[in-house]
Amino acid sequence: MEWVETTARTVEEAKELALDQLGVAEDDAELIVLDEPKAGLFGRVRGEARVRARVRPTQARQKLDRRDRRKKKGDEADPAADGEPSTAEPVGDAAAVRADNGAAPARPARPPARTAARGDAPAPATTGGSEPSTNGEDRPVVSAAAVGEQARQFVDDLVRAFGLNGTTVLVEDGDDLEVQVEGPDLGLLVGPRGATLQALQDLARVASQRRLGDHDTRLRVDVGGYRVRRREALGRFALQVAGEVRSTGTARALEPMSSADRKIIHEALAELDGVTTRSEGDDPTRRVIIDPGVG
């Protein structure tokens, strides 16, 4: 997936914004701090924090499993395994080339029949197709449409499992995917403050993106237009609180929110003069602080 860059007052806020854009937890992302704010006179801070991030690529497991099987079999299962390399030895075509060129000193040469078998063996099948990468790993090739349809089908099955009457539709915009559920009495899928909807979205990502090995699409799930209404309501609320902070000169701490809701607050007040925003605490009690200042 392509890298994204975010800026904020602190490194932690910049990381949080980057994770919001990627839609993953910190453990599933690669984060690089490009710039950090510098301390100035009288305790002031100069500059902004800048962070670059992307979704952490998953490692192919087929080759590790294949090496493990060879280790367990040993000489008893394969007499030609006497010349098997350590776990650092390349496999597949790379191993065949090294064996043919004699580029592995101090190791017994593999029998020609064994080398041909290893070199001609097809790569392990990967859901959605695969293509060899330059570093010898198999990277899945999955279209955004396939990921979206998998997510839509999962959500549709879940709606039926709940005994609800809803229609699921996939909306595609390049790599941005949104599964929308419309129908009567769908509040059970939303939950208090969208908690159930967030869990539903996380499950849909596992059932589609992670299952198919996709790292490029951004998937969202919305039920009954809840996210649109939530964004509008949070935007109005943020402007109201910001007006109070500007008039009183006193900072306000909002209630704990999810990363998606905190992002809405930050964006709603980003261009507003007289206030600044920051996040404090750790999830699930992390909250937005609206400070008086020059926006």
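## So, the nonpolar core
Of all hydrophobic cores here, the largest spans 20 residues; its most connected members are Val155, Val179, Val181, Leu197, Leu219, Val221 and Val223. Mapped onto this core, the elements with two or more residues apiece are helix 5 (144-161), strand 9 (176-182), helix 6 (195-212) and strand 10 (218-223). Per-element accounting of this core gives the leading share, 5 residues, to helix 5. Dropping the residues within four chain positions of it, Val179 is found in contact with Gly148, Ala151, Arg152, Val155, Val169, Leu170, Leu219, Arg220, Val221 and Asp222. Listed in part, the 14 residues of the second largest apolar core include Ala238, Val245, Met257 and Ile290.

## Observations concerning the environment of Pro57
Locating Pro57 in the fold gives a position in the loop between strand 5 (49-55) and helix 2 (62-77). Looking at Pro57, the relative accessible area reads 36%, which means it is partly exposed. Taking the C-alpha atoms as reference, Pro57 lies 8.4 Å from Asp28; in sequence the two are 29 residues apart. Sequence-distant contacts of Pro57, that is, excluding residues within four places in its chain, are made with Glu30 and His215.

## A look at helix 6
Taking 1.5 Å as the rise per residue, helix 6 with 18 residues should run 26 Å; its terminal C-alpha atoms sit 25 Å apart, in good agreement. The axis of helix 6 is deflected most strongly, by about 30°, at Val206. Listed in full, the buried residues belonging to helix 6 are Leu197, Leu200, Gln201, Ala204, Arg205, Ala207, Ser208, Gln209 and Leu212. The positive-phi residue at the C-terminal boundary of helix 6 is Gly213, with phi of around 75°.

## Some remarks on the pattern of salt bridges
As enumerated under the stated definition, the model contains 18 salt bridges in all. For Arg193, the salt bridge identified is with Glu255, shortest N-O distance 3.5 Å. Pair noted here: Arg193 is in the loop between strand 9 and helix 6 and Glu255 is in the loop between strand 11 (252-253) and helix 8 (259-269), with a separation of 62 residues, a long-range link. Arg193 gets classed as exposed once you look at its relative accessible area, which sits at 56%. With a closest N to O distance of 3.4 Å, Arg231 and Glu267 form a salt bridge. Here Arg231, found in helix 7 (residues 226-248), pairs with Glu267, found in helix 8; they are 36 residues apart in sequence, far enough to count as distant. Looking at Glu267, the relative accessible area reads 42%, which means it is partly exposed. Linked by salt bridges that have partners in common, Glu5, Asp35, Arg50 and Arg52 make up one network.

## Brief notes about the pairing of strand 10
Within a regular strand, side chains alternate between the sheet's two faces. With 6 bridges joining them, strand 9 and strand 10 adopt parallel strand pairing. Within the sheet, the bridge partner assigned to Gln180 lies in strand 10 and is Asp222. A crossover connection joins strand 9 to the parallel strand 10 through helix 6; in handedness this β-α-β unit is right-handed.

## Some words on the packing of helix 5 against helix 6
Where helix 5 meets helix 6, the closest approach of the two axes is 9 Å, and the angle between their N-to-C directions is 140°. Taken as axis vectors, helix 5 and helix 6 run oblique relative to one another. As helix 5 packs across helix 6, the resulting crossing turns out to be right-handed. Two secondary-structure elements touch here, helix 5 through Ala146, Val147, Gln150, Ala151, Phe154, Val155 and Leu158 and helix 6 through Leu200, Leu203, Ala204, Ala207, Ser208, Gln209, Arg211 and Leu212. A per-class count over the contact of helix 5 with helix 6 returns 11 nonpolar, 3 polar and 1 charged.

## Structural notes on the environment of Arg220
Checked against the element boundaries, Arg220 lands in strand 10. Sequence spacing of Arg220 and Gly23 is 197 residues, and the spatial spacing of their C-alpha atoms is 8.8 Å. Apart from residues no more than four positions distant in its own chain, Arg220 is found in contact with Asp176, Leu177, Glu178, Val179 and Gln201.

## A few points about the sheet that holds strand 13 (residues 287-292)
One open sheet holds the 3 strands; their spatial order is 11-13-12, and the pairing between them is antiparallel. Whereas interior strands pair on both sides, the edge strands pair on one side only; in this sheet they are strand 11 and strand 12 (275-280). Where strand 12 meets strand 13, 6 bridges bridge the pair, whose relative direction is antiparallel. Following the sheet pairing, Thr276 is matched in strand 13 by Asp291.

## Let's talk about helix 5
Spanning 18 residues, helix 5 covers 26 Å between terminal C-alpha atoms, matching the ideal 26 Å at 1.5 Å per step. Considered for burial, the residues of helix 5 that qualify are Ala144, Val147, Gly148, Ala151, Arg152, Val155, Asp156 and Val159. For helix 5, the angular spread of the buried residues around the axis is 165°, confining them to a single face. Exposed side of helix 5, more than 90 degrees from the buried face: Arg160 and Ala161 are the residues found there. If you follow the buried residues of helix 5, they end up packed against strand 8 (167-173), strand 9, helix 6 and strand 10. Gly163 sits one or two residues past helix 5 and shows a positive phi near 75°.

Conventions adopted
Residues numbered from 1 in each chain as written. Predicted model: local features only at pLDDT ≥ 70, side-chain atom pairs only at ≥ 80, totals over all residues. Heavy atoms only, no water. Core = buried A, V, L, I, M, F, W, Y, C linked by side-chain atoms within 4.5 Å. Buried < 20%, exposed > 50% of the residue type's maximum accessible area, 1.4 Å probe, protein only. Helix = DSSP H or I, 4+ residues; strand = E, 2+ residues; numbered from the N terminus. Contact = heavy atoms within 4.5 Å. Expected span 1.5 Å × (residues − 1). Bend = angle between axes of the 7 residues up to and from the residue. Salt bridge = Lys/Arg side-chain N within 4 Å of Asp/Glu carboxyl O. Pairing = 2+ DSSP bridges. Right-handed = clockwise from strand over helix to strand, strands pointing away. Axes fitted to C-alpha atoms, helices over the stretch in contact; angles between N-to-C directions. Parallel < 35°, antiparallel > 145°, perpendicular 65-115°, else oblique. Left-handed = near helix turned anticlockwise from the far one by under 90°. Nonpolar A, V, L, I, M, F, W, Y, C, P; charged D, E, K, R; others polar. Arc of directions from axis to C-beta.

Read these as layout, nothing more, since geometry by itself doesn't imply function.
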